[in-house]
Amino acid sequence: MKFLSVLAALAAAKLHNRIFMVLVLTISTFVTAAADCSSNYCESVYDDGDVVLRYKLNEPDDTITMELSYEGDAWVGLAFSDASESMAGSIAVMASSEASPQKYQLIAPTFPVESAFELMSPEEQTLMDASCEFIDGQTVLKFTTQLLADETPFAISLGENHLLWAYGRSPTIGYHSNRSPFTLNLARAIDDSDVETLGTVIPTASPADGEMKVGDDICITGYIMDSYCIDLGHFLDNDDTVTLREPEEHSFHCLLDVPVCYNSGFNVLGEKDPQTGLHCLGYRIDDTEAVLAAGRATGSNVQSDTHYTCDTCSGGESDAVAGYRATVKGRVKELGDGTKSVTGQPLLTNIQMLDASVVCESPAPQTVCLSMDDVEQAAAQMPVSEPEPVEETEPVEETEEPEPEPCSLDFCVELSVSYFLAYTVNGDGTITMELTYDGNGWVGIGFSEKGMMVGSDAVIGSTDVGIPQKYRMTALSVDTDTAIQLMSPEEQTLTDATVEFKDGQTVMKFTKIMKEPNQIEITMGNNNMLGAYGVRPTIGYHVRKMNFSINLSSGAAEEKAIPFMSAWLAHGIIAFIAWGVLVPTAVQSAIMRSLFKGPMWFKLHQNINATAMALTVVVFAIGVAVTGKEGAVHFENSHERMGLAMFIIATLQVLDGAKRPHAPGSGEEKTLSRKAWEIGHRLGGVALLACGFWQMDSGIKLYAVKFNGVGSSQENSVILGYWVWIGFVVAMLVIGGVYFKLLRSEMKSVDQNNDGSKEEQVNTTAHLSREVDEEADA
């Protein structure tokens, strides 16, 4: 019986480099009764027994039943990938006890989650008997899917298939708690008669195939990894990613730009051990320059949203930013020292670095595969860099003033009703801090020289990212990529850094060196600090921030005034006077011109508008100046762009009024240019007034965001009062316009029925013409 490759679909979402990822599945396969996978479930165990994959081929209807179980109550996923073992572009199935199994297509590794993956169409939701339950302490995902044709993009083949499993921290789908790619050789589940029908089985070499010796030629395709990150146990630029578990996430920057990494030597990793989820150690490479040259030609130097940029790479936007995979050919120079470590692996010389698409004629013998215990033991033996010592001052004469005692971690500062800081100064030049926020969000603390956000250093953490990290605050911007810059791997010196959400609170804790090169120093005296948090784990614009000062000698803390608050308040008040009072009054004077004698209405209209324009210049100048002092990006949000547009259009409107076409004289008709000018001038005035109303409402809301008033009774009262006033102004404009239009129509009708002499009518016309001329000349 011939069984076609299968895809049980599944989609994943992964936000890597501390970014969110919802992983998941796809899959697979087919096989025949000879391997017993058609009558009974075949089983694979991963993650020290916490994850179990079972699958069974259903011969009569050419379907396959998949079952993935996890020891705990959380979302689970199973995914099928190409040879790169990347989730991007994969098909996946994901579920939990709260969410039924469905098929997804991964779009991109990015925030927010909605942008990372896409639910497949109803026509593609072909899973059968799909369920996910929490039973006896286990989450069990089970489904049956039809076997698909070979032309399917991710059809499972009869050799090695690249799969991935993952699970989360809770039933709510979010960032994975653990995940691992693995390979599944389905050919081993088929008897010999079926193998000939189904395809060629890829042979797997092992030490048993022949003892390796010096001088043997080796060809192996795998991920290139530096020895430093292997020994460290995790990536230097991504602390929460296990090196041997996810080499596809290793950035080209960390691999090829950082001296401590590439100077440690390179290795080509072996295949992943399905029992541990870790890649085997593979082979050492003795030609560092060859690896650097090939890797830098392969990697992208274009800025990425997910990884550090490789500064020494020469590739373009379409090239990889992480997961350098290559085919390496070489000759065994030495066999290693026999230990379960990098140095215990064979060393290759006469290196040829080839593209990963180059297929080796025969597989390389398998090398040592480690367990997580081995990895952790090796990491524990890594030398730890000592904190840079604080410079000692010259000894001074003793005084009666006692030396300040270190603060206790029990000493807390209430930064807001829902945000608390606890800290202690350690005796080794470090400070331990703990921030607690009543909710599930991101949290941060900044260290500033002048109490301003821009130019400060910060530690920010969220459960989405995984661990706290150090950032530089580069600009005041709602765009996170513009506002903050992740410090380099060499500057990520936090220790004991954790962030977790438990008992309804987000708790971030870390220990930081107080004096570090090119960073703002934390002293035993007064320190300007900033606190901020968001209401969601995704790092973004803060919902609330606070400025405060802490004296580490005395433990005293006090809240500091937020800079430029008065300037922004003046900006808003002057804008309201100009566009909420003066401009509507100028428009009203034109509408109610019949109430005024002669050109009085025009003079009012002109002078009031001139005053409003002068105030607009002041408002614009304040906005530009303060934005510059804050270090923010100019015209970066909709309020700022609208302000710029209004300033330009208002200036043109004033100039247009000064250069208007002359009004017609007695007995003359309006010229075409005069008619066009009147229409354009009026439309421009109405558009500016409407934009002004929106702009002031936007300003009130931005002020609330900037100075911690979002959702407050003060914000709600100001907005309510503002719109009540605007409603009154608009009503007066509409009522006045309708009333005086009807009044003029009635007066015109009376004039037409008047039995007065023709001479009187001419005199009246001449009088009106003179008024128009005076208006035009005013």
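None of the values given here were measured: they were computed from a predicted structure. (Residues numbered from 1 in each chain as written. Predicted model: local features only at pLDDT ≥ 70, side-chain atom pairs only at ≥ 80, totals over all residues. Heavy atoms only, no water.)

Draft legend 1. Structural detail: the nonpolar core. Of all hydrophobic cores here, the largest spans 27 residues; its most connected members are Leu421, Met433 and Ile445. Those elements giving two or more residues to this core turn out to be strand 23 (412–416), strand 24 (419–425), strand 25 (430–437), strand 26 (443–448), strand 31 (505–513), strand 32 (526–533) and strand 33 (544–551). In terms of nonpolar packing, the next biggest core, distinct from the first, is built from 25 residues, Phe252, Tyr262, Ala294 and Ala364 among them. (Core = buried A, V, L, I, M, F, W, Y, C linked by side-chain atoms within 4.5 Å. Buried < 20%, exposed > 50% of the residue type's maximum accessible area, 1.4 Å probe, protein only. Helix = DSSP H or I, 4+ residues; strand = E, 2+ residues; numbered from the N terminus.)

Draft legend 2. Fine view of the packing of aromatic side chains. Overall, the coordinates contain eleven aromatic pairs when judged by the stated rule. For the pair Tyr70 and Tyr167, a centre-to-centre distance of 3.9 Å together with 20° between the ring planes defines the contact as stacked. Taken as a pair, Tyr70 in strand 5 (residues 63–70) and Tyr167 in strand 12 (residues 160–168) lie far apart in primary sequence, 97 residues in all. Residue classification places Tyr70 among the buried positions, given a relative accessible area of 13%. Relative to Tyr722, the ring of Phe576 lies with its centre 6.4 Å away and its plane at 65°, an arrangement referred to as edge-to-face. Placement of the pair is Phe576 in helix 9 (residues 565–591) and Tyr722 in helix 13 (residues 713–753), with a sequence separation of 146 residues. The exposure class assigned to Phe576 is partly exposed, which follows from its relative accessible area of 29%. Judged by its relative accessible area of 5%, Tyr722 is buried. (Phe/Tyr/Trp six-rings, centres within 6.5 Å; stacked < 30°, edge-to-face > 60°.)

Draft legend 3. Structural view of helix 6 (residues 288–298). Within helix 6, the full set of buried residues consists of Val291, Leu292, Ala294 and Gly295. On its buried face, helix 6 sits against strand 14 (217–226), helix 4 (252–256), helix 5 (259–262), strand 17 (266–268), strand 20 (283–285) and strand 22 (347–355). (Contact = heavy atoms within 4.5 Å.)

Draft legend 4. Region of the structure containing the pattern of salt bridges. In the structure shown here, the tally under the stated rule is 13 salt bridges. Asp216 is the partner of Lys213 in a salt bridge, and the nearest nitrogen-oxygen pair spans 3.3 Å. The partner of Lys470 in a salt bridge is Glu516, with the nearest N and O atoms 3.0 Å apart. Of this pair, Lys470 sits in strand 28 (residues 469–473) while Glu516 sits in the loop between strand 31 and strand 32, and the two are 46 residues apart along the sequence. You'll find Lys470 and Glu516 in the same group, each marked buried. Put simply, Arg54, Glu67 and Lys142 are held in one network by salt bridges that share partners. (Salt bridge = Lys/Arg side-chain N within 4 Å of Asp/Glu carboxyl O.)

Draft legend 5. View of the state of the cysteines. Tallied over the full model, the rule gives three disulfides. There is a disulfide in this structure between Cys310 and Cys313, and the S-S distance comes to 2.1 Å. On the S-S bond that ties Cys310 to Cys313, the torsion sits near 75°, and the link is right-handed. Take Cys310 and Cys313: they sit in the same class, and that class is buried. Sulfur of Cys261: no disulfide; nearest cysteine sulfur belongs to Cys254 and is 3.7 Å away. When its relative accessible area of 0% is taken as the criterion, Cys261 is described as buried. (Disulfide = S-S within 2.5 Å.)

Draft legend 6. Geometry of the environment of Ser81. On the secondary structure map, Ser81 appears in the loop between strand 6 (76–80) and strand 7 (91–95). C-alpha of Ser81 to C-alpha of Leu164: the two residues are 83 residues apart in sequence and 7.4 Å apart in space.

Draft legend 7. Representation of the sheet that holds strand 23 in the model. Strands sit in the order 23-24-25-31-30 across an open sheet of five strands; the sheet is antiparallel. Of all the strands in the sheet, just strand 23 and strand 30 (495–502) have a single pairing partner and so form its edges. Strand-to-strand, the axes of this sheet are offset by a mean angle of 15°, without reference to chain direction. Strand direction decides the pairing type here: strand 23 and strand 24, joined by four bridges, are antiparallel. Pairing of Cys412 across the sheet is with Ala422, part of strand 24. (Pairing = 2+ DSSP bridges. Axes fitted to C-alpha atoms, helices over the stretch in contact; angles between N-to-C directions.)

Draft legend 8. Representation of a nonpolar patch on the surface. Taken together, the side chains of Ile648, Ile649, Leu652 and Leu655 make up a nonpolar region of the molecular surface, amounting to roughly 380 Å² of accessible area. Following the sequence through the fold, Ile649 ends up in helix 11 (residues 638–658). In this structure Ile649 comes out as partly exposed when scored by relative accessible area, which is 43%. (Patch = residues over 30% accessible without salt bridge, like charges linked within 9 Å, V, L, I, M, F, W, Y side chains within 5 Å. Areas by Shrake-Rupley, 256 points an atom, 1.4 Å probe, with all protein chains shown as cover.)

Draft legend 9. Broad picture of helix 9. Taking 1.5 Å as the rise per residue, helix 9 with 27 residues should run 39 Å; its terminal C-alpha atoms sit 38 Å apart, in good agreement. The sharpest bend along helix 9 reaches about 30° and sits at Leu582, with the proline Pro584 one to four residues further on. (Expected span 1.5 Å × (residues − 1). Bend = angle between axes of the 7 residues up to and from the residue.)

Draft legend 10. Expanded view of the side chain of Ser589. With respect to the helices and strands, Ser589 occurs in helix 9. Not counting chain neighbours up to four residues away, the residues in contact with Ser589 comprise Phe596, Trp601, Leu604 and His605.

Draft legend 11. Unusual backbone geometry, seen in detail. Even without being a glycine, Asp129 presents a positive backbone phi close to 50°. Considering the arrangement of structural elements, one finds Asp129 in strand 10 (residues 128–135). Judged by its relative accessible area of 67%, Asp129 falls in the exposed class.

Draft legend 12. Summary view of the sheet that holds strand 5. On the basis of which strands lie adjacent, the open sheet formed by five strands has the order 3-4-5-11-10 and antiparallel pairing. Two strands lie at the open edges of the sheet, namely strand 3 (42–46) and strand 10, each paired on one side alone. Neighbouring strand axes in the sheet, compared pairwise and without regard to direction, differ in orientation by 10° on average. Sheet topology places strand 3 next to strand 4 (residues 51–58); five bridges connect them, and they run antiparallel. Considered in strand 4, the bridge of Cys42 is made with Tyr55.

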